[in-house]
Amino acid sequence: MRLIIALLIGSIGAVGMWAVVVVIPVVQAEFGATRGAVSLAFTLMMFGFGLGGVIAGKITDRFGIVPAMAISIAFLGVANVLAGLSSQLWQFVAAYFLIGLGTAATFAPLMAEASHWFERYRGLAVTIVASGNYVAGAMWPPIVNWGTQEIGWRYTHIGIGMVCACTMTLLVLVLRAQMGNDKVRDHANAPPPQVDLKLSTNTLTVLLSIASIACCVAMAMPQVHIVAYCGDLGYGAARGAEMLSLMMACGIVSRIGSGYLADKIGGIRTLLVGSLAQGFALVFYLFFDSLTSLYLISAMFGLFQGGIVPSYAIIVREAMPASEAATRVGIVIFASVFGMSFGGWVSGVIFDATGSYAAAFANGVAWNALNIGIVVLLLIRSRMGSTKTGPGFAT
């Protein structure tokens, strides 16, 4: 029951991650700005998301997930209203930084919290909770696009703020009742790491952070710009919103499937499978741009990349002490959202410089190759020094 509630919270709270993608073209037109300037809203949102993940993780470790979620709800409600009331682009961008801070508690802290609820199927549980932002990506873009067309992007944001405040408050109250007085599990007697990479914890954190930045720069290009890309091709923003929704729906399948796979073959191998598949899908965007092919490629991209980010959390739990898990997961997720924010911004800048998205897709392929190289290195080291005693996360 806790898992279901956590998934619902993540599905509602992550609306801001996808609303900005849908409204980029109309906000650009209203403020007369460049694509790169408007994309800064996504960049600042993701930066706030990453920074907020570390802060919310600390709050969760000390006071529990409920106080962290209460702060998140306040930020989401107020920030979405401010976005709707913004009269200048910088105000809109600043509001999305606050939206990112509010969204943060619905991802990394919830994943860390869920990892304490399960032992045998911990990897699957973590990825189910992580699917919340993909459920949001599947259901919110068409809704936001409809609201933008019917009542405008401003009133749509105000409505989003009200919906988040009301529904998330109710869900958090139910979660609190379900948890009762149960607190985060004591890690004093937790089993040692299952995988020995012959690396210090700090070194492994740095490597995972670089890898997560690289894969998420590549991931950001389709996720952030598919709506604008479809508009440039003449298909319209509505088609792009549908592709984004399809991409996220397929990502849910991929994300949950990766959790099951990680329980069988481990986080590092699961990450490598996802990274190779993501690079394969990105290459297709370079050669095909018909409406049908873009629907198919977007579905394929979602199926391939959905399990990548949660794999980092799983690797942390496999290779690092349990007592450091929440902090290390927060750091690596911060790196991943930095990669998403930078990738979203730099893709807009490349578009402004070249007049097309071809070079932006090629840039994503290059960053994906860097990610694969780091993961292969970790896999080699895991084969040399693994102390794993059983399949996946069974402890």
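Just so it is clear, the structure is predicted and the values come from calculations on it, not from any experiment. (Residues numbered from 1 in each chain as written. Predicted model: local features only at pLDDT ≥ 70, side-chain atom pairs only at ≥ 80, totals over all residues. Heavy atoms only, no water.)

### Comments concerning the overall build of the protein
Inference 1: Looking only at helices and strands, the protein has 15 helices and zero strands in total.
Inference 2: Per-residue burial for the protein yields a buried fraction of 57% across its 395 residues.
Inference 3: Expressed as a percentage of contacts within the protein between residues at least 6 apart in sequence, the contacts between residues at least 24 apart total 86%.
Inference 4: For the protein, the exposed area adds up to about 14,900 Å²; of that, 69% sits on carbon and sulfur atoms.
Inference 5: Counting 20 positive and 15 negative side-chain charges, the protein places the averaged centre of each group 9 Å from the other. (Helix = DSSP H or I, 4+ residues; strand = E, 2+ residues; numbered from the N terminus. Buried < 20%, exposed > 50% of the residue type's maximum accessible area, 1.4 Å probe, protein only. Contact = heavy atoms within 4.5 Å. Areas by Shrake-Rupley, 256 points an atom, 1.4 Å probe, with all protein chains shown as cover. Lys, Arg positive; Asp, Glu negative; His and termini not counted. Charge placed at Lys NZ, Arg CZ, Asp CG, Glu CD.)

### Some words on the confidence of the model for the protein
Atom-level detail of predicted coordinates should not be read off regions where pLDDT is low.
Inference 1: Residue-level pLDDT values for the protein average 83, and 93% of them are 70 or greater.
Inference 2: When mean pLDDT is taken per element in the protein, helix α5 (residues 89–104) scores highest with 91 and helix α6 (residues 108–115) scores lowest with 77.
Inference 3: Every residue in residues 387–395 scores below 50 in pLDDT, and together they form 31 contacts with partners more than four places removed in sequence or on other chains. (pLDDT = per-residue confidence, 0-100.)

### Side note on the environment of alanine 105
Inference 1: Position of alanine 105 relative to the elements: it lies in the loop between α5 and α6.
Inference 2: If sequence neighbours within four positions are ignored, alanine 105 has contacts with Ala56, Ile65, Ala68, Met69, Ser72 and Leu110.

### Points about the pattern of salt bridges
Inference 1: In this structure the tally under the stated criterion is two salt bridges.
Inference 2: Across the pair arginine 154 and glutamate 30 runs a salt bridge, and its minimum N-O distance is 2.7 Å. Taken together, the residues arginine 154 in helix α8 (residues 132–179) and glutamate 30 in helix α2 (residues 15–31) connect sequence positions 124 residues apart.
Inference 3: For arginine 239, the salt bridge goes to glutamate 242, with nearest N and O atoms at 2.7 Å. With arginine 239 and glutamate 242 both in helix α10 (residues 237–265) and three residues apart, this pair spans about one turn of that helix. (Salt bridge = Lys/Arg side-chain N within 4 Å of Asp/Glu carboxyl O.)

### Considering the side chain of asparagine 145
Inference 1: Structurally, the position occupied by asparagine 145 is in helix α8.
Inference 2: The class for asparagine 145 is buried, based on a relative accessible area of 12%.

### With respect to a nonpolar patch on the surface
Inference 1: A grouping of Val283, Leu286, Phe287 and Phe288 is seen on the molecular surface, where their side chains present a nonpolar patch of about 380 Å² in accessible area.
Inference 2: If you trace the backbone, leucine 286 turns up in helix α11 (residues 267–287).
Inference 3: A residue is classified by how much of its surface remains accessible, and leucine 286, at 36% relative accessible area, is partly exposed. (Patch = residues over 30% accessible without salt bridge, like charges linked within 9 Å, V, L, I, M, F, W, Y side chains within 5 Å.)

### Some words on the packing of helix α4 (residues 65–85) against α5
Inference 1: At their nearest, the axes of α4 and α5 sit 8 Å apart, and the two run at 160° to each other. What the angle tells us is that α4 and α5 run roughly antiparallel. Where α4 crosses over α5, the two elements pack in a sense that is left-handed. Contacts between α4 and α5 involve Ser72, Phe75, Leu76, Ala79, Asn80, Leu82 and Ala83 from the first element and Phe92, Ala95, Tyr96, Leu98, Ile99, Leu101, Gly102 and Thr103 from the second.
Inference 2: Residue composition of the contact of α4 with α5, by class: 11 nonpolar, four polar and no charged. (Axes fitted to C-alpha atoms, helices over the stretch in contact; angles between N-to-C directions. Parallel < 35°, antiparallel > 145°, perpendicular 65-115°, else oblique. Left-handed = near helix turned anticlockwise from the far one by under 90°. Nonpolar A, V, L, I, M, F, W, Y, C, P; charged D, E, K, R; others polar.)

### What to know about the packing of aromatic side chains
Inference 1: With the rule as written, the count across this model stands at 17 aromatic pairs.
Inference 2: Here phenylalanine 47 and phenylalanine 97 contribute two aromatic rings whose centre-to-centre distance is 6.2 Å and whose plane-to-plane angle is 25°, an arrangement assigned as stacked. With phenylalanine 47 in helix α3 (residues 35–63) and phenylalanine 97 in helix α5, this pair connects stretches of sequence that are 50 residues apart.
Inference 3: Residue class for phenylalanine 47 comes out partly exposed when judged on its relative accessible area of 33%.
Inference 4: Judged by its relative accessible area of 22%, phenylalanine 97 is partly exposed. (Phe/Tyr/Trp six-rings, centres within 6.5 Å; stacked < 30°, edge-to-face > 60°.)

### Some remarks on the state of the cysteines
Inference 1: Per the stated rule, a full pass over the model turns up zero disulfides.
Inference 2: For cysteine 216, which is in no disulfide, the shortest distance to another cysteine sulfur is to cysteine 215 and amounts to 3.8 Å.
Inference 3: Owing to a relative accessible area of 1%, cysteine 216 belongs among the buried residues under this scheme. (Disulfide = S-S within 2.5 Å.)

### Looking at helix α12 (residues 291–305)
Inference 1: Given a rise of 1.5 Å per residue, 15 residues ought to cover 21 Å, and the 21 Å separating the end C-alpha atoms of α12 matches this to within 8%.
Inference 2: Within the span of α12, buried status applies to Ser293, Leu294, Ile297, Ser298, Ala299, Met300, Phe301, Gly302 and Gln305.
Inference 3: Along its buried surface, α12 packs onto α8, α9 (201–233), α10, α11 and α13 (308–319). (Expected span 1.5 Å × (residues − 1).)

### Considering the packing of α2 against α8
Inference 1: Closest axis-to-axis distance for the α2/α8 pair is 6 Å, and the angle between their directions is 40°. Looking at the two axes, α2 sits oblique to α8. Along this stretch, α2 crosses α8, giving a crossing that reads as right-handed.
Inference 2: Within the contact of α2 with α8, the residues separate by chemical class into 17 nonpolar, five polar and two charged.

### Things to note about α10
Inference 1: Between its first and last C-alpha, α10 extends 40 Å over 29 residues, near the 42 Å set by a 1.5 Å rise per residue.
Inference 2: Downstream of α10 by a residue or two, glycine 266 has a phi angle that is positive, lying close to 95°.

### Observations regarding the environment of phenylalanine 304
Inference 1: Relative to the helices and strands, phenylalanine 304 resides in helix α12.
Inference 2: The exposure class assigned to phenylalanine 304 is partly exposed, which follows from its relative accessible area of 27%.
Inference 3: Once the C-alpha coordinates of phenylalanine 304 and cysteine 250 are considered, the two residues, 54 residues apart in sequence, prove to be 8.5 Å apart.
Inference 4: Setting aside anything within four residues of it in sequence, one finds phenylalanine 304 in contact with Ser254, Gly274, Ala277, Gln278, Phe280 and Ala281.

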